[in-house]
Every structure is written in C-alpha cells, then in structure tokens.
Amino acid sequence: MAILPVRIYGDAVLREITTPVQNIDETINALATNMFATQAAQRGIGLAAPQVGLRLRMFTADTTELVKDGGKYVFINPEIIDTAGSAVYEEGCLSFPGVYFDVRRPKKAGIRYYDLNGSEHELETDGVLARIILHEYDHLDGRLYIDTLDDAGKEKVEESLRERGLFPARS
Ligand SMILES: [Zn+2]
C-alpha cells in the first residue's frame, strides 16, 4: 500500500482525456488500494485516477465516515445513465487543497460501472454519494469544479492557491 502524490490544479493531466481500463487485473486492484489510502490520508471522500497522474476511467469513493450505511466504492469505466433534481452542496477537491465552495449539480445520479471483480453494476444514488460520483466523474473528462465558477470566483481560488505556493502547479 502506498500513498500517491496528488496532482494539483494547473497540472496538465487534470485536463486530459482518460481512456477505459482495459483489464481489471492486479495492477488495477493495487491502484484502488493506493487510491483509498491516498484519499484517507488527506481525509478526502473521493479520488479520480487523473488526480494521481493516470489517464484512466476510474475513481474511488468512501462514505463510511459520512453516512450510517456508507461504503467504499471503486467505479471502473463508469457511465452516468441518468440524473434528476438539483442541489447546492459545498465541495472540496484534493487537487485544490483547502478550497471549498458551493456547487449546484443534479441531486440524484444513476451510474453503470464495473467493480474490481469485473462485475457490472447499476446504482441509483442521491445525497453525498451522488455528489461524489458527479464530481469525480467530471475528472474523467478533464472537468473540474472550479469550472462552475465565474471569472471572479476562479481568480479567487487561484489567488488562494498562489498565496500558498500551490499554483501554478509544476507538472
Ligand atoms: Zn476533485
């Protein structure tokens, strides 16, 4: 098990297109283990492969400390199959350390994905898990939560990272 370096906003990999996982093998299982360790080390609740520098369609989510019947999920080659409603929720992102702001997204999300055993699943979610899924899924297409802000909002976020020597990131 290893804690992986997390790529910070400005790193080109966060904007790149990811490709499907070809084989759900031991390498992918080890990656999932390391992604869980990495997000736990920073008290994160979700992490997408591009955030650890990998152009793969895969992300992890861990709601065990957030909700009573929470769990740990690995979403491989996911597809959002439906969304419904609308909700505002404060989001953070491990690629934007210490930056939190409200984001409006659908309230519910249905997702089809493969797990670490290669089994296909469909899951209808709402609440915090839907929010994690929608945020992390965006990472797979190079979209970031900062994209939901207007120019002034983006500037504020960049300034906050710049002040702490985190932006621009060294790729
Ligand atoms: Zn994120």
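For the structure itself, consult the block above.
Residues numbered from 1 in each chain as written. Predicted model: local features only at pLDDT ≥ 70, side-chain atom pairs only at ≥ 80, totals over all residues. Heavy atoms only, no water.

Draft legend 1. Spotlight on the packing of aromatic side chains. Under the definition given, this model contains seven aromatic pairs. Summarising the aromatic geometry, the rings of Y9 and F167 are spaced 5.1 Å apart at their centres and angled 10° between planes, so their arrangement reads as stacked. With Y9 in the segment before α1 (26-41) and F167 in the segment after α3 (151-163), this pair connects stretches of sequence that are 158 residues apart. Taken together through their ring pairs, the aromatic side chains of Y9, F96, F101, Y145 and F167 make up a single cluster. If you follow K72 out to its NZ or CZ, it ends over the ring of F36, 4.8 Å from the centre. (Phe/Tyr/Trp six-rings, centres within 6.5 Å; stacked < 30°, edge-to-face > 60°. Helix = DSSP H or I, 4+ residues; strand = E, 2+ residues; numbered from the N terminus. Lys NZ or Arg CZ within 6 Å of the ring centre and 35° of its normal.)

Draft legend 2. Up close: the pattern of salt bridges. Taken as a whole and assessed by the stated rule, the structure comprises 14 salt bridges. Note that D147 and R15 form a salt bridge whose closest N and O atoms lie 2.8 Å from each other. In this pair, D147 is assigned in the loop between α2 (127-140) and α3 and R15 in the segment before α1, connecting sequence segments 132 residues apart. A salt bridge links E91 to R131; the nearest nitrogen and oxygen atoms lie 2.8 Å apart. On the criterion of sequence distance, the pair formed by E91 in strand β4 (residues 87-93) and R131 in helix α2 is long-range, its members being 40 residues apart. (Salt bridge = Lys/Arg side-chain N within 4 Å of Asp/Glu carboxyl O.)

Draft legend 3. Spotlight on the coordination of the zinc ion. Bound to the zinc ion on the protein side are C93 (SG), H135 (NE2) and H139 (NE2), at distances that span 2.0 to 2.2 Å. Sequence positions of the donors to the zinc ion reduce to the motif C-x41-H-x3-H. Taken together, the residues C93 in strand β4 and H139 in helix α2 connect sequence positions 46 residues apart. Taken as a pair, C93 and H139 share a single burial class, namely buried. (Donors = N, O, S within 2.8 Å, 3.2 Å for Na, K, Ca; no water. Buried < 20%, exposed > 50% of the residue type's maximum accessible area, 1.4 Å probe, protein only.)

None of the figures reported here should be taken as evidence of function without further support.
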